[in-house]
Structure formats: C-alpha cells, structure tokens
Amino acid sequence: MTDAARWTFVCHRDDIVPNTGVAAKVGAAQVAVFRVVAPDGTEDGIFAIDNFDVRAQANVLSRGLIGELTTEQGPVLVVASPIYKNHLCLKTGRCLEDEAWSVKTWAVRCGDDGTIMVRGS
Amino acid sequence: MTDTTLRLVVIGNGMVGHKLLEELAGTPGLDITVLCEEPRPAYDRVHLSEFFGGKTAEDLSLVAPGFFEQPGFTLRLDAKAVDIDRTTRQVVLADGERLPYDRLVLATGSYPFVPAVTGRDRDGCLVYRTIEDLEAMRHWGAKSRIGVVIGGGLLGLECAKALKDMGLETHVVEFAPRLMTVQVDDMGGRLLRRKIEALGVAVHTGRNTLEITDGGGVGVGGRHAMKFADGSQLLTDMIVFSAGIRPRDELARTAGLIRGERGGILIDNQCKTSDPDIWAIGECALWQGKIFGLVAPGYDMARLVAAQIKGTAKAEFTGADMSTKLKLLGVDVASIGDAQGATPGSLNYLFSDDVAGVYKKLVVSADAKTLLGAVLVGDADDYGSLLQMALNGIPLPAQPESLILPSVEGGAKGLGVDLLPASASICSCNNVSKGDLCAAIEGGATSLGALKKCTKAATSCGGCLPLVKQVLDAELKKSGVLVLNHLCEHFAHSRQELFHLVKLGGQKSFDDVILAHGKGRGCDICKPAVASILASCWNEHVLKPKHAAVQDTNDYFLANIQKDGTYSVVPRIPGGEITPDKLIVIGQVAKDYGLYTKITGGQRIDLFGARVEQLPAIWGALVAAGFESGHAYGKSLRTVKSCVGSTWCRYGVQDSVTMAIRIEERYRGLRSPHKIKMAVSGCTRECAEAQSKDVGVIATEKGWNLYVAGNGGMKPRHAELLAADVDDETLIKLIDRFLMFYIRTGDRLQRTATWIENLEGGLSYVKKVVIDDSLGLCAELEADMAQQVATYECEWKRAITTPETLKRFRHFVNAADADSNIQFVDERGQIRPKSALEKRAVAAGEVTP
Ligand SMILES: Cc1cc2nc3c(=O)[nH]c(=O)nc-3n(C[C@H](O)[C@H](O)[C@H](O)COP(=O)(O)OP(=O)(O)OC[C@H]3O[C@@H](n4cnc5c(N)ncnc54)[C@H](O)[C@@H]3O)c2cc1C
Ligand code: HEM
Ligand code: SF4
Ligand code: SF4
Ligand code: FES
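Residues numbered from 1 in each chain as written. Chains lettered and ligands numbered in written order. Predicted model: local features only at pLDDT ≥ 70, side-chain atom pairs only at ≥ 80, totals over all residues. Heavy atoms only, no water.

Trainee: Residues and numbers for the sheet that holds strand 36 (residues 720–726) of chain B, please.
Mentor: Residues and elements named next belong to chain B. The strand order 32-33-34-35-36 describes an open sheet built from five strands, whose pairing is mixed. If you trace the sheet from one side to the other, it starts and ends with strand 32 (637–642) and strand 36, each paired once. On average, adjacent strands in this sheet sit at an angle of 15° to one another, irrespective of strand direction. Pairing of strand 34 (residues 695–699) with strand 35 (residues 704–708) involves five bridges; the strand directions are antiparallel. Bridged to V695 within strand 35 is V708. In the packing of helix 20 (residues 728–745) onto the sheet, contacts are made with strand 33 (676–681), strand 34, strand 35 and strand 36, and the angle to strand 35 comes to roughly 10°. (Pairing = 2+ DSSP bridges. Helix = DSSP H or I, 4+ residues; strand = E, 2+ residues; numbered from the N terminus. Axes fitted to C-alpha atoms, helices over the stretch in contact; angles between N-to-C directions. Contact = heavy atoms within 4.5 Å.)

Trainee: Run through the confidence of the model for chain B, naming residues and quoting values.
Mentor: All names here are of chain B. Taken as a whole, chain B shows an average pLDDT of 88; of its residues, 96% reach a score of 70 or greater. Counted against residues more than four places away or in other chains, residues 408–414, with its pLDDT under 50, gives eight contacts. Under the prediction, the complex receives an ipTM of 0.90, its pTM being 0.52. (pLDDT = per-residue confidence, 0-100.)

Trainee: I'd like to hear about the pairing of strand 4 (residues 81–85) of chain B, residue by residue, with values.
Mentor: If a strand is regular, its side chains alternate between the two faces of the sheet. All names here are of chain B. One ladder, built from four bridges, connects strand 4 with strand 5 (residues 90–93); its direction is antiparallel. Opposite I84, over in strand 5, you have V91 as the bridge partner. From the end of strand 4 to the start of strand 5, which pair antiparallel, there are four residues, and R89 there has a positive phi angle of about 55°.

Trainee: Describe the interface of chain B and chain A, with residues and values.
Mentor: Tallying the contact residues gives 41 residues for chain B and 39 residues for chain A. We note a salt bridge from K25(A) to D817(B), for which the minimum N-O separation is 3.0 Å. There are 19 residue pairs in polar contact (both at pLDDT 80 or more) connecting chain B and chain A. Of all elements in the fold, only helix 13 (510–517), helix 14 (526–538), helix 15 (545–548) and helix 16 (553–556) of chain B reach the threshold of two or more residues within the side of chain B that touches chain A. In terms of residue count, the dominant contributor to the side of chain B that touches chain A is helix 13 of chain B (three residues). In the side of chain B that touches chain A, the residues fall into 17 nonpolar, 11 polar and 13 charged. (Salt bridge = Lys/Arg side-chain N within 4 Å of Asp/Glu carboxyl O. Polar contact = N/O pair within 3.5 Å; in protein donor to acceptor, adjacent residues only side chain to side chain. Nonpolar A, V, L, I, M, F, W, Y, C, P; charged D, E, K, R; others polar.)

Trainee: For the site of ligand 2, give the residues involved together with the corresponding values.
Mentor: All residues adjacent to ligand 2 are G601(B), K641(B), Y651(B), R685(B), C687(B) and E689(B). Each residue belonging to the shell around ligand 2 can be placed in one class, and the counts come to two nonpolar, one polar and three charged. (Near = heavy atom within 4 Å.)

Trainee: Any chance you could break down the pattern of salt bridges for me, citing the residues and the numbers?
Mentor: Residues and elements named next belong to chain B. Evaluated as defined, the whole model comprises 52 salt bridges over all chains. The closest approach of N and O atoms between D277 and R103, which form a salt bridge, is 3.4 Å. With D277 in the loop between strand 18 (265–267) and strand 19 (278–280) and R103 in strand 7 (residues 103–106), this pair connects stretches of sequence that are 174 residues apart. Of the residues examined, D277 reaches a relative accessible area of 17% and is grouped as buried. (Buried < 20%, exposed > 50% of the residue type's maximum accessible area, 1.4 Å probe, protein only.)

Trainee: An account of the sheet that holds strand 11 (residues 115–119) of chain A is requested, with residue identities and associated values reported.
Mentor: Residue and element names in this part refer to chain A. Spatial strand order, 1-11-10: three strands in an open sheet with antiparallel pairing. Of all the strands in the sheet, just strand 1 (7–12) and strand 10 (108–110) have a single pairing partner and so form its edges. Geometrically, the sheet is characterised by an average inter-axis angle of 25° between neighbouring strands, direction not taken into account. The pairing of strand 1 with strand 11 spans five bridges and is classified as antiparallel. Among the inter-strand pairings, C11 is bridged to a residue of strand 11, identified as I116.

Trainee: Mind laying out the site of ligand 1, listing which residues take part and the relevant values?
Mentor: Residues and elements named next belong to chain B. Near ligand 1, the surroundings consist of 27 residues, among which V16, E37, E38, R129 and E283 are the closest. With respect to ligand 1, the side chain of E283 contributes an N or O atom lying 2.6 Å from an oxygen atom. Here ligand 1, which alone exposes 990 Å², has 93% of that area covered by the protein. A breakdown of the residues in the shell around ligand 1 according to their chemical character gives 13 nonpolar, seven polar and seven charged. Looking at the shell around ligand 1, you find at least three residues from each of domain 1 (6–111 + 247–310) and domain 2 (125–243). (Areas by Shrake-Rupley, 256 points an atom, 1.4 Å probe, with all protein chains shown as cover. Domains from an automatic or database assignment.)

Trainee: Describe in detail the nonpolar core, supporting the description with residues and values.
Mentor: Residues and elements named next belong to chain B. Residues F491, I663, Y667 and L739 are the most contacted members of the largest nonpolar core, which totals 62 residues. Of all the elements, helix 20 adds the most residues to this core, at 10 residues. When residues of this core are assigned to domains, at least three map to each of domain 5 (484–519) and domain 6 (636–794). Those residues in contact with F491 that sit more than four places away from it in its chain are H486, L498, F510, V513, I514, H517, G518, C526 and V530. Judged by nonpolar contacts, the second largest core, of 53 residues, contains V16, L20, A280 and L304. (Core = buried A, V, L, I, M, F, W, Y, C linked by side-chain atoms within 4.5 Å.)

Trainee: Help me get a handle on helix 22 (residues 762–770) of chain B, residues and values and all.
Mentor: All names here are of chain B. Listing the buried residues of helix 22 in full gives G762, L763, V766, V769 and V770. When helix 22 is viewed along its axis, its buried side chains cluster within an angular range of 120° and face the same direction. In this structure, the buried side of helix 22 is in contact with strand 35, strand 36, helix 20, helix 21 (752–758) and helix 23 (778–790). (Arc of directions from axis to C-beta.)

In structure tokens, the structure reads:
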C-alpha cells in the first residue's frame, strides 16, 4: 500500500469548532481529532488520539473538554474524559492520573487547504 | 496461662466499657472476659436516634472488625452477671456459671427511670435506651396515630423527634414547669417550647401523670388515656418514658459495695469502688455525689482505669464538664458550665430576640472578668468559642455583651482560636487538645479529613468540628500555607469573585474572561464554571458556538452521558403532573427508538440508551408533542416534586401541584453553581419530602412555609425554615432572592446545603440579606431573576431548529456509521448496556475497537 493510501480523510479544519474534538473512522478504528486554538485566536494545531477511553470502556474521548494543566514536565495540553474526567495528554496519549489508562496517538496532518487527514495503522 | 497473666472481667459492653477495651487492646499479659447482657456488642447509643433515619444496628456498632478476635479477649453475648462473690473473687452468671477474676470492672450503665404511674406496663408503653427499645418503638409507631413522650429533657425531646419523624401526632408531657430543666433557664425554656410547638409538637409542662388507662379508642387514636393530677387527660396510642436515668447498681447492692443514697456505685478519684480490686466506670458510677449522664466523662474514666491496669497511671478523675450542644427537633440548644447562675454573686448578660427566635445568656463572675456559663437557644454557633472561654478561664472582653449580641456588619466577634492555650480541650469526646491538633497539622495532616483521621477529633458527636476547622485554618495560615479557594490554576479567584468580576467587566465569552481575569488556556474545571457564570449573568444560550468549547459534554449535547457513551433524554414534567396523552408520547418515542424507560426520584421519566446521533430526532418528536428540556444535564433546576395537595388529598390545605408547576416553570433552565432540587407539599404531612430539598415549600393553613438548603444525597441535611406562613407572591419573591444570592455567592459545585454551612452566619445571615435586605441587594436580585425568567427558552427547541447546532450530533465526522461499541441486551423486557464481559464473549477473537 502506498503511503498516500494509508491516510484517511477526516474533515475540514473549519468543521471542528475551536477547542473541541470530533471522532473519525479510520479503517475499523475510532480516532479522536482535536483542534486547539489559543485564547488570542492563534491556531495551535490538530491532535489525534484513540477515541476509546480505556477507563470507561467507551468511545467518548472526542467529546471531552480540552484544557492545559501544569505538570512536573511543564504545561500539558489535555482532554478530560467526559465520563470519569481522567486527563489524557493530546501529544502523547499519556494519562495523567494512571499510566494504565493511557491511549495511542495517531499521525495527523492538516493541509494548507485545511484538509485534515489521519494515518491508518 | 502463665502466672503473670491478669484475669480481668468487664461487666457491660456499652459505650464506656468498650472504650476501656479499646484502650487495653494490644496490652500483653491480659486475659479479658467481657460480659454483655445485650444480644450484640457495643454500639453508639449517642447516635441511637439515627436508627430511625435508616441506620442499622451494624452502622451503629462501635466494634472494629476483628476486634474481639484479638488474643486475650473473650466476648460473651447474652451473658448477664447476677452476683459477685468477692471472697472467692468470682462473678456469677445468670445460669450459675462462675468466672474467676483478679480485677473486675463494672460498666453497667443505667436504665431508664419509669415513674410509678398506674398502668405504666400497658402495651405500647416503652422506653428509649437500646436498639431493642427502638425496634419496639418502630413497631408501635406503625400502628399508632398519636404518640406521647413523658419527660421533656434532652432525651425526651430527641425521642419526640423520632415520633414526629414516624409521622405521629406528637406530645411531650413534662412534670416540671419548663423543658430541659437541667440545661436551660426559664426564658430559654420558654423560647425552646415556642419553637418546638411551631414544629407541630404539643408541649404540656407542669403535668403530673397519675394513671394510664384504656382510652376506649378503637384501634388508633385513643388506645390509652393519660390522666393528669390537674384533672385533664390526653388520649394517645403509644407512650415513651424518658423521665431520666438510674444507675444500674444492682450488682453492687448484692455484692455489698458502697452505693450512694440515691443509687450509683461509689468511686474515688481512681474510679475504685469500696473494694480495691473492683472499678466502676460510666453511668453506673457515683463520684462526689454525681452521676455523669454523658459519654465524655465515662470515656475519661475508661482511659484512667486502662492506664492503671497498664501501670502507666498518674492522673486522677477530676470531674467533668457537662456542657452540651444539641440540635433538638431542628432547634439549636446549648448549655455551658453554670448555666443556671448558681455561683454566688454571679451576674447575667441576656439577649433575646423573639422575632428571630434567639435567646442567649452569659453567666459571668461577680467582677465580670470570667465566663462561668451560658445558655444558647435558637443560635448556638458560638458554643465552641464560649465553651473554650469558660473552660480555659480566658478573660472576658471589655464588653462581654458583644459575645452574644448579633454581629454588626464587618465587626469581628467571638474568640479567635489563637487565644486558646495548647492544653485547651477541643474535642471532649476523644480527648484531643489544641496542642494535639497543632502537632498533627505540623506532621502533615493539613486537610480536615486527614486531621480527623489522625487525631480522631470530631469523629464522635461532631460538635467540635467548627473549632477543629478553625484551628486548622489558623495553623495553616500561620505556617504560610494559603487557604486557597481559587477555582483552578488558571483563575486566582473563587467562583464568587469571578462572578462579580464578570458581571462588572461585562465579558461574554470564555476567552474574554480568561484574558481579562485568568491566565493560560483553561481546563475542565474552569471552563464549565465560567460557562455557568456566563449563563447566570447573561442567560446566553448555552448552544451559541462561542460557548461550545467550554461546555461539559452534557451541556454540549443537552443530555446526560451514561457509562457506555450513550445519553439519557429527560423531558420536563413540571410538578410531576402529566396528561395521559403525553405519557403515551413518551412511551411511543421510547418504543420508536428502543430506549429504556425509568421513573426517577424526581417524579419524571428518563429515557436511556440514546445514541448521540439519535438525540435530535428524539427531541424533535418530544418537542412537537409539547415537551421541553428537563435540564437534567445542567447545573440548574432539576425538578419541583409535589404531592397531590388539596385538590385530591383529604389532608391538603393548599394546592401544592399548582404551586409546584408555577415554581418549576419560573426557574427552569436557571444555571447555578450546582443542581437545584425543590419540592412542594400540600400540608404538614410533607409527602413531597420538601425538607430534603434546596428549596422546600410546605403548605400551612395560612399560606406557605419556605425551607431552604436541604439536601439528600451523600450528606443529607434538613432544610431550614426561612419564612413561615407567607402568601404566594411573597413566597416567589423570597425564592427569587434566595436563589440569586446563592448563584452569586456559591462556590463551584457547591450545593445550597454546603453553601449555607460555609457562609458566615449561616441561615440567620441569609435571612438578613433576603428578608431584611441588610445588603440593600434585594431589588437587584429580583431584577436579575426577572431578566432570567424573561429570557428563558427551551434549549432543545432551539437546537433542533438550528442547522449549525445539529451538525454536532453525529458520532463520526467522516462516516454515517454508529458506534459499534454501544451494544445492548434485553433485561426485564427492556434494553440495558452490555457489560464488558458480555461484549468480550461476543467479540472473542476480534481486535479491540
Ligand atoms: C438516645 C440517647 C441519646 C444520648 N445522647 C447523648 C449525647 O448526645 N451525648 C452524650 O454525651 N451522651 C448521650 N447519651 C448518653 C450516653 O449514651 C451514655 O452516657 C453512655 O452510653 C454511657 O455508657 P455506659 O457504658 O456507662 O453505659 P451503657 O452504654 O448503657 O452500657 C452499659 C451496658 O452494660 C450492660 N449491663 C448492665 N448490667 C449488666 C450485667 N449485670 N451483666 C452484663 N451486662 C450488663 C447493659 O446491657 C449495657 O449494654 C445518650 C443516651 C441515649 C439513650
Ligand atoms: C397521609 C399522608 C400520606 C399520603 C396520603 C401519601 C400518599 C402517597 C402516595 C399516593 C404516593 C405515591 C405512591 C406511588 O408512587 O405508588 C406516595 C409516595 C411517597 N410517599 Fe407518601 N403519603 C403520605 C405520607 C408520606 C410521608 C409522611 C412521607 C415521608 C416522610 C411519604 C413519603 C413518600 C415517598 C418517599 C414516596 C415516593 C415518592 C417518589 O416517587 O419519589 N409519604 N405517598
Ligand atoms: S403532604 Fe400532600 S399528599 Fe401528603 S397529606 Fe399533605 S396534602 Fe396530602
Ligand atoms: S446513586 Fe450512584 S449509581 Fe445511583 S444514579 Fe446516583 S451516582 Fe448513579
Ligand atoms: S467533641 Fe464530640 S466529636 Fe469532638
């Protein structure tokens, strides 16, 4: 399979309300894709992690609230699971409360035209 | 058994006896046999009444799991000691068995005194001391309409509450001319009586019961007739005697130990009886002519005897402070030290406010320099500081009256805990001093929970909790640890402060708020909190795109997320009243979408198992049939529960349903620091359980009683009376003000109950603000509410007609599929989510989703 064929179309950037997420179907998997924007309006990027919340055993992470928490490693962009509020790092998928609840990250890119793609595994 | 083993027999496994055992646990060389006449080991008699509140015998147990399995302990239940053979040093049991002892402890407690009234042993004449007694009360309560308590002391009034809670018409009959003769003075007793009568308990003082005879009543309403010395009589179905206690000293009598003239086993300062091998502790013991009917002095005795057995004794029993603070039938009553002013030359300061129902008295020394005692009725918030002042001989301020006068705005009052010496006993139940607390705080117990756990302070009667908290706060402040109430790392403000800043600053979006008043990007704590503030300030539609990213998923999808990622649908059913047609619609919608239906405690119907993409269609159908959002997803008004009221109910005095609907429709959608629950009952029988709600309304003959700040849930709290006998319009006006004041000043996720408990001045302060308008805020609060009411709209109605919003209701952004992880099975004819196990069974072999 060519590399291009492994990228799945998610949506246009404008389809994601700033600082929220959407769920995308990538092959048989579910991926949560987030668009993060600073309070002053600058785009901070698009992030993709599993949509499956290991703790709740449900596909809900795309519906969590995005935030920034200060940890020992400095500020971390996180999403809070809507079910039990465990926090997952958007960049690494690491769960701040318990490593066992960490999730996988996915390669994601946003083209100049705003097209968001996630690479299937 | 080795020669060095000491055989100790303890007779009685009550509160004090058990305290002794706890103190002795782990001591080597002891062989302890505990004789317990009751069928179960020690339980918490102090909290016995909570048995009626749903506590079980197990809940009340004082015995830690595995306690009696420790080596050296033998517990004998149903084992009554009938004699002590002091010459052979043996205890004789009821069945003749003889138990040898080296040392003996009598902890036999006391029994309820039942005056010699003819007919006192009729069926349904009970006492109040053991779990069995309470079971009997419950049994008789269920088949009675009227209940009488004989005795208007501390226990009698607690007992009256139990009868009242069982729904009986309740009477208290007291021989003396006032209630609580021991603790309270004349004026305090009068006020107490008025307050208790206002709660619907009839009080008959100065009544000498001569005889109890057949009331001639068929079944309930007059099983007994009580005849009084003044010729009057009272019909009743059950009677509980609570006329005082008498020490259980019968063993001392048969064994020839010295007893007091009026009973009680005589002990010295070491708690030794006239036989040096025998101690007596707790309520059976008589020390310097006094019996101590409270648990704390008993615990002191237990600790003292334990120390002697362990060989570490130095201290002596030096008497005990008999100060008490109680909530009797919801009325705060406290008595400190020399409450009656018995000290020669003592002087009084009095404050009495018949309107607010508050009475306070200070008894001070002849030179007005030291506090000797106090009586507080209606407002006992100052109990802790006054008690410490009396116990520690802290000099009175120049104007002692300032201690009981209502605090003037801004004026500091009372006594700072800093003034207390380290030796001051803060928790008398568990003998914890201020020094103990400070040491624990220094040792790292910097939260109230940790402090309680490590010192045991405030874990028994709880009366010392406010003081423990004050000590904690003061120590933390001193050590530089700031007591922060900041919302989160992004906002260095409490919710209340932020509310004001936003209101003044006029910010209308989260980004504006965080740029103006915070830092960083926010998180899942501050985002919903700010969203709620914006909604309360401006009633901005929560669905506006600019608020989308700060709403909790429940607010974002206008539905409550469930454990499997599906949502519940909760249409509003105001007051719990619904037409047959609407019921059919709910049923039809549930059938059409395969939803699970359940009737909730809030008198409405929840539909569970809706997928996110189904929500708009489901709501479309509901809105078309005239339903609107029930706001079950928001921190906002949930329901106003009601009973059927005067329209149908033969007892009703007002139309509770109409009032409930009016209230629910007025406050629907109102965003607040936490959810708000309300209820309206059509009469004092209170079928709608309004006193467990944030706002509870109970109909009276003359109008409505308004109760506030009640709570069910994890920590139940009875609502408190804010206003009595008000008319419809006043009622609404007061609720407007109360709610808005709470919304403005409440902390994030703080229910009204915790809010009012943390508010300085509590209910009386709220009364001042919303009734007396002490802050000049009332007009503003009402205007804010009017604005809220005027701008209300059903969020679902709006959502299903806004294409922009509808776009969010889909599971995948790039596919029309549903979430394959949502799976149901049938149970009792409806769906329920599959458990992880059930899913795995089906998907065995498949990759994880
Ligand atoms: C409803 C209620 C509320 C109360 N509220 C408070 C309060 O708020 N604050 C407060 O300080 N105090 C309160 N008290 C008082 C407190 O409960 C007592 O002070 C305390 O229980 C006394 O403990 P004790 O061990 O001396 O007696 P008890 O707890 O009565 O224990 C004595 C035990 O000895 C057993 N016994 C007696 N004789 C024999 C025998 N011959 N052989 C074997 N066993 C025997 C008895 O059956 C009993 O189990 C309350 C009491 C009641 C009933
Ligand atoms: C004469 C007095 C009372 C009458 C006529 C009455 C009547 C009713 C009726 C008709 C119901 C509905 C039953 C059902 O759902 O099947 C009910 C429910 C209930 N009643 Fe009473 N009741 C009375 C007293 C009380 C009292 C004193 C209490 C509480 C202290 C109480 C607590 C309840 C509770 C908790 C429910 C269930 C409510 C719910 O569904 O959430 N009732 N009552
Ligand atoms: S509270 Fe309501 S239902 Fe209960 S007795 Fe009174 S009017 Fe009737
Ligand atoms: S009591 Fe517990 S299980 Fe029941 S609804 Fe509430 S949170 Fe859920
Ligand atoms: S004084 Fe009773 S728990 Fe502290």
